[in-house]
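Chain by chain, the residues:
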Amino acid sequence: MDQSPQPLDHVARIQAEWQRERPDVDVSPQGVIGRLHRLGALLTEQLCAVYRRYGLSEGEFDVLAALRRAGEPFERAPGELAAHTMVTTGAMTKRIDRLERGGLVTRRRAAGDGRGRVVALTAAGRELIDRAFAEHMRNERRLLDALTPDEAAAAETLLTAWLARVEQPEGRK
């Protein structure tokens with residue numbers, strides 16, 4: 001059995017350099033945070049590859065998905081969309097503009113409130129998000145299959161607990 005040391009990954013190399021240069025600073029948090037950050041970037045790259053196949057950015061996919069999740073008639077107010085996609089209303093306007101130009105959403109005045117607006121999926125938008133979402137889920141399955149079922153379940157449990165402690169509850173932002 002080979003007992004030779006395993007090569008250091010990117011994060012471990014950075015930690016070793018910091019330990020050499022700043023032995024007075026505890027760099028152990030980088031072991032988790034650095035790897036999560038790298039993993040997040042790699043996962044985002046893999047997820048965005050699917051969105052691009054449908055002519056969408058990550059943000060545009062999020063808007064279409066939020067509208068689709070709303071259920072019939074597949075519409076939400078722009079502020080509600082911003083809350084469901086965690087972006088500012090200014091960024092939301094740009095996304096909606098592009099999706100509207102592409103014929104994937106429409107905007108209209110809200111019923112009963114002439115000042116309010118509603119954004120709705122068009123038939124083309126619904127067809128596109130249904131296809132893109134199905135491929136997105138296949139892609140997420142492919143990525144998650146790098147873990148065993150037990151590892152995936154443990155990761156979900158741990159990340160759920162950690163996120164609940166770090167993330168601000170809705171309504172307290």
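Please read these numbers as outputs of a predicted model, since none were measured by experiment.

## Some remarks on unusual backbone geometry
So, step 1. Each neighbour pair has its own omega, and for Glu72 with Pro73 the value is 5 degrees, a cis peptide bond.
So, step 2. You can see Pro73 is positioned in the loop between α3 (58-69) and β1 (75-76).
So, step 3. Positive phi, normally seen in glycine, also occurs at Phe74, with a value near 60 degrees.
So, step 4. By secondary structure assignment, the location of Phe74 is in the loop between α3 and β1.
So, step 5. For Phe74, a relative accessible area of 7% gives the class buried.

## Section: the packing of aromatic side chains
So, step 1. Inspection of every chain in the model, using the stated rule, returns one aromatic pair.
So, step 2. With a centroid separation of 4.3 Å and an interplanar angle of 25 degrees, the aromatic rings of Tyr51 and Phe61 are classed as stacked. In this pair, Tyr51 sits in helix α2 (residues 29-53) while Phe61 sits in helix α3, placing the two residues 10 residues apart along the sequence. Each member of the pair, Tyr51 as well as Phe61, is classed as buried.

## Digging into the nonpolar core
So, step 1. One finds Leu56, Leu64, Leu81 and Val105 to be the most contacted residues of the largest nonpolar core, which totals 26 residues.
So, step 2. Elements with a minimum of two residues in this core: α2, α3, α4 (78-85), α5 (89-101), β3 (113-121) and α6 (123-144).
So, step 3. Leave out the neighbours within four places in its chain, and Leu56 touches Tyr51, Phe61, Leu64, Leu99, Leu104 and Leu128.

## What to know about the confidence of the model for the protein chain
So, step 1. For the protein chain, the mean per-residue pLDDT works out to 91, and 91% of the residues sit at or above 70.
So, step 2. Between the elements of the protein chain, mean pLDDT differs from a low of 81, seen in β3, to a high of 98, seen in α6.

## Structural notes on the packing of α3 against α5
So, step 1. Put simply, α3 and α5 touch, their axes get as near as 10 Å, and they point 80 degrees apart. Between α3 and α5, the angle falls in the class roughly perpendicular. Here α3 contributes Gly59, Glu60, Val63 and Leu64 to the contact with α5, which in turn contributes Met92, Arg95, Arg98 and Leu99.
So, step 2. Partitioned by chemical class, the residues of the contact of α3 with α5 number four nonpolar, one polar and three charged.

## Structural notes on the packing of α2 against α6
So, step 1. Remark: α2 packs on α6, axes separated minimally by 10 Å, with the N-to-C direction vectors making an angle of 155 degrees. One element, α2, and the other, α6, form an angle in the roughly antiparallel class. Every pair of crossing elements has a handedness; the one defined by α2 and α6 is right-handed. Judged by residue contacts, Leu43, Gln46, Leu47, Val50, Tyr51 and Arg53 of α2 engage Ala132, Glu135, His136, Asn139, Glu140, Arg142 and Leu143 from α6.
So, step 2. The class makeup of the residues in the contact of α2 with α6 is six nonpolar, three polar and four charged.

Rules used in this analysis
- Residues numbered from 1 in each chain as written.
- Predicted model: local features only at pLDDT ≥ 70, side-chain atom pairs only at ≥ 80, totals over all residues.
- Heavy atoms only, no water.
- Helix = DSSP H or I, 4+ residues; strand = E, 2+ residues; numbered from the N terminus.
- Buried < 20%, exposed > 50% of the residue type's maximum accessible area, 1.4 Å probe, protein only.
- Phe/Tyr/Trp six-rings, centres within 6.5 Å; stacked < 30°, edge-to-face > 60°.
- Core = buried A, V, L, I, M, F, W, Y, C linked by side-chain atoms within 4.5 Å.
- Contact = heavy atoms within 4.5 Å.
- pLDDT = per-residue confidence, 0-100.
- Axes fitted to C-alpha atoms, helices over the stretch in contact; angles between N-to-C directions.
- Parallel < 35°, antiparallel > 145°, perpendicular 65-115°, else oblique.
- Nonpolar A, V, L, I, M, F, W, Y, C, P; charged D, E, K, R; others polar.
- Left-handed = near helix turned anticlockwise from the far one by under 90°.

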